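# Notes for the structure review
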Amino acid sequence: MPVSEQYKDLLIQGTRKELYRALELKVGDIASILRKTGFSCTQCGNCCRDHHGDNRVMLLQQDILRISEHTGLYATEFSLPFIPIEVENVLKGISDPSDMIPFTDSKGNIHSFGWMLRRKKNGDCIFLEAVGPSFRCSIYDHRPALCQTYPFFLEDCMLHISDCKGLGSDISYAGSIALSRLVLDRYICELKESILVYQHYEHFEPLGANVGFSLERFKKGHVFYIVHDSEGAHRRCERM
Ligand code: SF4
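The following paragraphs examine the structure supplied in this document.

## With respect to the overall build of the protein chain
In terms of helices and strands, the protein chain carries 8 helices and 10 strands. When its C-alpha atoms are laid out on the principal axes, the protein chain stretches across 55 × 50 × 35 Å. Relative to its 240 residues, the protein chain shows a buried fraction of 40%. Considering only contacts within the protein chain whose residues lie at least 6 apart along the sequence, 76% involve residues at least 24 apart. Surface accessibility of the protein chain: about 13,000 Å² in total, with carbon and sulfur atoms responsible for 54%. For the protein chain, the distance from the average position of its 28 positive side-chain charges to the average position of its 31 negative side-chain charges is 3 Å.

## Concerning the packing of aromatic side chains
Tallied over the entire structure, the rule returns 3 aromatic pairs. Above the ring of Y140, the side-chain terminus of R143 is found at 3.8 Å from the ring centroid.

## Comments concerning the site of the ligand
In the neighbourhood of the ligand, the contacting residues comprise C48, V57, L117, C125, F127, L128, C137, I139, P144 and C147. Among the residues forming the shell around the ligand, the class breakdown is 10 nonpolar, no polar and no charged.

## Overview of the sheet that holds strand 3 (residues 110–113)
Reading across from one edge, 3-9-10 is the order of the 3 strands in this open sheet, with mixed pairing throughout. A strand with exactly one partner marks an edge of an open sheet, and here the two such strands are strand 3 and strand 10 (232–239). In this sheet, neighbouring strand axes are inclined to one another by 30° on average, regardless of whether the strands run parallel or antiparallel. Sheet topology note: the strand 3/strand 9 (residues 222–229) ladder contains 4 bridges and is parallel. Within strand 9, the position partnered with F113 by the bridge is H228.

## Quick notes on the pattern of salt bridges
Applying the stated criterion to the full structure yields 10 salt bridges. Linking E129 and R136 is a salt bridge whose minimum nitrogen-to-oxygen distance equals 2.9 Å. Its salt-bridge partner being E190, residue R186 comes within 2.8 Å of it at the nearest N-O pair. Linking R186 with E190, this pair stays in helix 7 (residues 173–200), spanning 4 residues, or about one helical turn. Taking relative accessible area as the criterion, R186 reaches 10% and is therefore assigned buried. A relative accessible area of 26% places E190 in the partly exposed class.

## So, helix 2 (residues 27–37)
Among the residues of helix 2, those classed as buried are V27, I30, A31 and L34. Buried residues in helix 2, looked at end-on, bunch into an arc of 100°, giving them a common side. When the buried face of helix 2 is taken as reference, the exposed residues oriented beyond 90 degrees from it are D29 and K36. Here the buried face of helix 2 lies against strand 7 (152–155), strand 8 (158–161) and helix 7. Looking at the residues trailing helix 2, positive phi occurs at G38, about 80°.

## Some words on unusual backbone geometry
Backbone geometry follows two general trends: most residues other than glycine have a negative phi, and most peptide bonds adopt the trans configuration. At the junction of Y150 and P151, the peptide bond is cis and its omega measures out at 10° in the coordinates. With respect to the element layout, P151 can be found in the loop between helix 6 (145–149) and strand 7. Even without being glycine, Q43 reaches a positive phi, approximately 55°. Tracing the backbone shows Q43 in the loop between helix 2 and strand 1 (58–59).

## What about the pairing of strand 9?
The buried fraction of strand 9 amounts to 6 of the 8 residues, a majority that puts the element mostly inside the structure. Pairing analysis gives 8 bridges linking strand 9 to strand 10, with the strands arranged antiparallel. Each residue of the ladder has a partner; that of Y225, found in strand 10, is R236.

Basis of the calculations
Residues numbered from 1 in each chain as written. Predicted model: local features only at pLDDT ≥ 70, side-chain atom pairs only at ≥ 80, totals over all residues. Heavy atoms only, no water. Helix = DSSP H or I, 4+ residues; strand = E, 2+ residues; numbered from the N terminus. Buried < 20%, exposed > 50% of the residue type's maximum accessible area, 1.4 Å probe, protein only. Contact = heavy atoms within 4.5 Å. Areas by Shrake-Rupley, 256 points an atom, 1.4 Å probe, with all protein chains shown as cover. Lys, Arg positive; Asp, Glu negative; His and termini not counted. Charge placed at Lys NZ, Arg CZ, Asp CG, Glu CD. Phe/Tyr/Trp six-rings, centres within 6.5 Å; stacked < 30°, edge-to-face > 60°. Lys NZ or Arg CZ within 6 Å of the ring centre and 35° of its normal. Near = heavy atom within 4 Å. Nonpolar A, V, L, I, M, F, W, Y, C, P; charged D, E, K, R; others polar. Pairing = 2+ DSSP bridges. Axes fitted to C-alpha atoms, helices over the stretch in contact; angles between N-to-C directions. Salt bridge = Lys/Arg side-chain N within 4 Å of Asp/Glu carboxyl O. Arc of directions from axis to C-beta.

All quantities given are derived from atomic positions and should not be read as evidence of function.
In structure tokens:
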């Protein structure tokens, strides 16, 4: 959504404060919540699949570099602009086009913040492979921070837990410490990247009520994005 210069400064200040508080968090405190909650990955692959619900995997810059380095793939081959859920629902034809007005500029470009993993035609993650009746991640050792820490994440310095079949199972002391370290590292990276995104962000004029202009482009099979990330604004054209 468009952000005024004044609001941008407030966002930077607020995120900096959150980062300072995050740097005070203790891995041991997070680990003790994890042990009380219990968790063991069942490798069901549900969180990577479309039928699970929202399976968008947001990528940190370090995720993109690590996956490129270990797979030999260009970033464009496995990442695409992070699509706000409102826009995704319009593109899928299940929401009213007016829902994407706040993300679309007067030239019909959709503005996106950051990158996410591509998905296959069936909606599952591109790195998910079927192995008989089960599934496996083909980049398991190099998977994004979000996948390494699922179903846990920190927001506003509070631990949040997503739906997962593996919750409630025993987790060892060492396992809880290692996972908590990953959860905290991910949170700190996310906050640092957010500050850079806000600093580089360039204001855009919203589309207003003329959403039909942008939809005409979609009908031709293309979506034009401007992606705001920690390095600035990037243009990307994606086939629908
Ligand atoms: S990268 Fe691996 S763990 Fe993450 S969603 Fe894709 S298949 Fe699942």
